[in-house]
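# Working through the structure, step by step
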Amino acid sequence: MVMLIIYYILLLVCVLISVAFLTLLERKVLGYIQIRKGPNKVGISGILQPFSDAIKLFTKEQTWSSVSNYLLYFFSPVFMFFMSLFLWSMMPFMTGFFDFEFGFFFFLCVLSLGVYPLMIAGWSSNSKYALLGGLRAVAQTISYEVSLALVLLSFIIVVGEYSLEDFVEYQNSFYFIFFFYLLSLVWIVSCMAEMNRTPFDFAEGESELVSGFNVEYSAGGFALLFLGEYSMIILMSTVMVILFLSGDLYFTFFLKVGFFITLVLWLRGTLPRYRYDKLMSLAWKSILPFTLHCLFMYMGFKVVFEVI
Amino acid sequence: MKLLLLNFFIAVIISSLLILLSTLFSKKTILDREKVSPFECGFDPKNTSRIPFSIRFFLIAIVFLIFDIEISILLPLGLITNSIPPILWMTAGGLFLLLVTLGLYYEWKENTLEWIT
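Because the structure is predicted, anything quoted here is derived from the model rather than measured. (Residues numbered from 1 in each chain as written. Chains lettered and ligands numbered in written order. Predicted model: local features only at pLDDT ≥ 70, side-chain atom pairs only at ≥ 80, totals over all residues. Heavy atoms only, no water.)

## Topic: the side chain of Ser143(A)
In this fold, Ser143(A) is placed in helix H6 (residues 128-159). Residue class for Ser143(A) comes out buried when judged on its relative accessible area of 2%. With sequence-adjacent residues up to four places away left out, Ser143(A) is seen in contact with Met280(A), Ala283(A), Trp284(A) and Ile60(B). (Helix = DSSP H or I, 4+ residues; strand = E, 2+ residues; numbered from the N terminus. Buried < 20%, exposed > 50% of the residue type's maximum accessible area, 1.4 Å probe, protein only. Contact = heavy atoms within 4.5 Å.)

Encoded structure:
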């Protein structure tokens, strides 16, 4: 019991440190994509930048708006951060931390809770930009959640288990990305929309909504929103690797995770923002019918495998 | 289940510790009226920001609700593959999935999915 507590706290600390360095990586990658250097002054060529950022964010002045619903406004970043930490308890590791038989059920449940902090943060700050950003974020997140669950279902039908360890073991001899290549692309697109990352970052939308749902946040609240978002990026990349590119849980596993994280940042540097109505029609009119028909196909494959 | 509860409490404690730290260490200043008013581009907010919003968002939420219920019915499909005969599994699951797909096309025909009408 005590070992498990220590293990989980250690895991969370490692996640927080990797989130800190992910922000540095993002600024560096974006910098070199735009042919400039990125942060290179603090420490040795900018290696200590995230820590100075964290100290600065946590010691800044906390403001709030006088018309906000203060309790909801104050606690929604805490909830968002808590959720992204709680999701990490489903992760399989070599040390056998958790034998989670219904890992993907847990994943879907906690992921659908992710709408609430966005919505409550947008509504309770009582600013027009925040309200619009919150509305957009909610509509986008729930639309892509449907296709996310359906894609996951067709993976699960082939494997026949909900546990993440079984997914890892199942792909010992071949990667699922060859068997599910189109669905893997759909999964990546849906994940980008689910995380509110850049081709689909309508929750923030700097050019239209100043900063979207987090306009009114400063200091600690903003830091927690930010940390939650970035730890979701790492988590989603890990889930991507487990779903279709993972054979073992050794060193190469983490290299693949790093590759997917870099892919997310790379897409941010490359693609311009999408249009909102196009985003919704992409979700409902192309991705959702496609995943439904793919589900039919993989059910047929499963029956053929079973009969043979 | 007990371990999950334990994890829940650890995550709650860590996240509340962080917000507590930032509340304790943050710079304290006097808040004047301009600073505590909600953000607008350069002028004071005139009327309330909780305005009625587009019905599209509401319709999308309703459609999402239907599809989410259907997905939660479909989810056990992955678990029972080994316990019932495959042909029966395909018939039952495929029939339900067919209904979901036809439902999606019906929504499409009724223009519920059009963002701009």
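Further notes follow.
## Description of the nonpolar core
All names here are of chain A. The biggest cluster of nonpolar side chains holds 120 residues, and the ones touching the most others in it are Phe104, Phe107, Trp187, Phe244 and Trp284. If you tally residues by element for this core, the top one is H6, at 17 residues. Ignoring sequence-local partners within four residues, the contact set of Phe244 consists of Phe155, Gln171, Tyr175, Phe176, Ile177, Ser184, Trp187, Ile188 and Phe260. Core analysis: the next-biggest nonpolar cluster, separate from the first, contains 9 residues, Ala121, Ala203, Phe213 and Tyr217 among them. (Core = buried A, V, L, I, M, F, W, Y, C linked by side-chain atoms within 4.5 Å.)

## Some details on helix H12 (residues 251-270) of chain A
Residue and element names in this part refer to chain A. End to end, H12 covers 29 Å across 20 residues, agreeing with the expected 28 Å (1.5 Å per residue, within 8%). The complete set of buried residues in H12 reads Phe253, Lys256, Val257, Phe260, Ile261, Leu263, Val264 and Leu265. Packing partners of the buried residues in H12 comprise helix H1 (2-33), helix H9 (181-194) and helix H11 (219-244). (Expected span 1.5 Å × (residues − 1).)

## Quick word on the pattern of salt bridges
All names here are of chain A. Scanning all chains against the criterion turns up 5 salt bridges over all chains. Between Glu26 and Arg268 there is a salt bridge whose closest N-O contact spans 2.6 Å. Taken together, the positions of Glu26 in helix H1 and Arg268 in helix H12 put the pair 242 residues apart, joining distant regions of the chain. Residues Arg275 and Asp277 are paired through a salt bridge, measuring 3.0 Å at the closest nitrogen-oxygen approach. Judged by its relative accessible area of 48%, Arg275 falls in the partly exposed class. Bridged by salt links that share partners, the residues Glu26, Arg197 and Arg268 form one connected network. (Salt bridge = Lys/Arg side-chain N within 4 Å of Asp/Glu carboxyl O.)

## A few points about the UniProt feature "transmembrane region" (unreviewed entry) in chain A
Residue and element names in this part refer to chain A. Within the UniProt annotation, "transmembrane region" (unreviewed entry) is assigned to residues 6-25, 70-90, 102-121, 142-162, 174-193, 222-243, 249-267 and 279-301. Between the end C-alpha atoms of residues 102-121 the distance is 30 Å, and the span holds 90% helix and 0% strand. Counted over residues 279-301, helix gives 100% and strand 0%. Its end C-alpha atoms are 31 Å apart. (UniProt positions renumbered as here; feature names shortened; annotations may be inferred.)

## Observations concerning the side chain of Ser22(B)
Residue position: Ser22(B) is located in helix H1 (residues 2-25). A polar contact is formed between the side chain of Ser22(B) and the backbone oxygen of Ile19(B), at a distance of 3.2 Å. Setting aside chain neighbours within four positions, we find Ser22(B) in contact with Phe58(A), Gln62(A) and Gly220(A). (Polar contact = N/O pair within 3.5 Å; in protein donor to acceptor, adjacent residues only side chain to side chain.)

## Focus: unusual backbone geometry
Residues and elements named next belong to chain A. Unlike most non-glycine residues, Ser45 shows phi in positive territory, near 45°. Of note in the backbone geometry, Asn196 takes a positive phi value of approximately 55° without being a glycine. Looking at where Asn196 falls in the secondary structure, it is placed in the loop between H9 and helix H10 (206-209). Given a relative accessible area of 9%, Asn196 falls into the buried group.

## Brief notes about the environment of Asn214(A)
In this structure, Asn214(A) sits in the loop between H10 and H11. Along the sequence, Asn214(A) and Leu131(A) sit 83 residues apart, while their C-alpha atoms lie 9.7 Å from each other.

## Considering the packing of H9(A) against H11(A)
All names here are of chain A. Viewed as axis vectors pointing N to C, H9 and H11 meet at an angle of 165°, and their least axial separation amounts to 11 Å. Classified by the angle their axes make, H9 and H11 are roughly antiparallel. Where H9 crosses over H11, the two elements pack in a sense that is right-handed. Only Met236, Val239, Met240, Leu243 and Phe244 of H11 make contact with H9, whose side of the interface consists of Ser184, Trp187, Ile188, Cys191 and Glu194. Broken down by class, the residue content of the contact of H9 with H11 amounts to 8 nonpolar, 1 polar and 1 charged. (Axes fitted to C-alpha atoms, helices over the stretch in contact; angles between N-to-C directions. Parallel < 35°, antiparallel > 145°, perpendicular 65-115°, else oblique. Left-handed = near helix turned anticlockwise from the far one by under 90°. Nonpolar A, V, L, I, M, F, W, Y, C, P; charged D, E, K, R; others polar.)

## Let's talk about the packing of aromatic side chains
Centre distance and the angle of the planes are the two values used to describe a pair of aromatic rings. Residues and elements named next belong to chain A. For the structure on display, the rule yields 40 aromatic pairs over all chains. Seen in terms of ring centroids, Phe176 and Phe180 are 5.1 Å apart; in terms of plane orientation they differ by 75°. Their pairing is edge-to-face. In this structure, Phe176 and Phe180 share a single accessibility class: buried. Lying across the ring of Tyr276, Arg136 places its NZ or CZ 5.6 Å from the centre. Its guanidinium or amino end placed over the ring of Tyr274, Lys278 lies 6.0 Å from that ring's centre, counting from NZ or CZ. (Phe/Tyr/Trp six-rings, centres within 6.5 Å; stacked < 30°, edge-to-face > 60°. Lys NZ or Arg CZ within 6 Å of the ring centre and 35° of its normal.)

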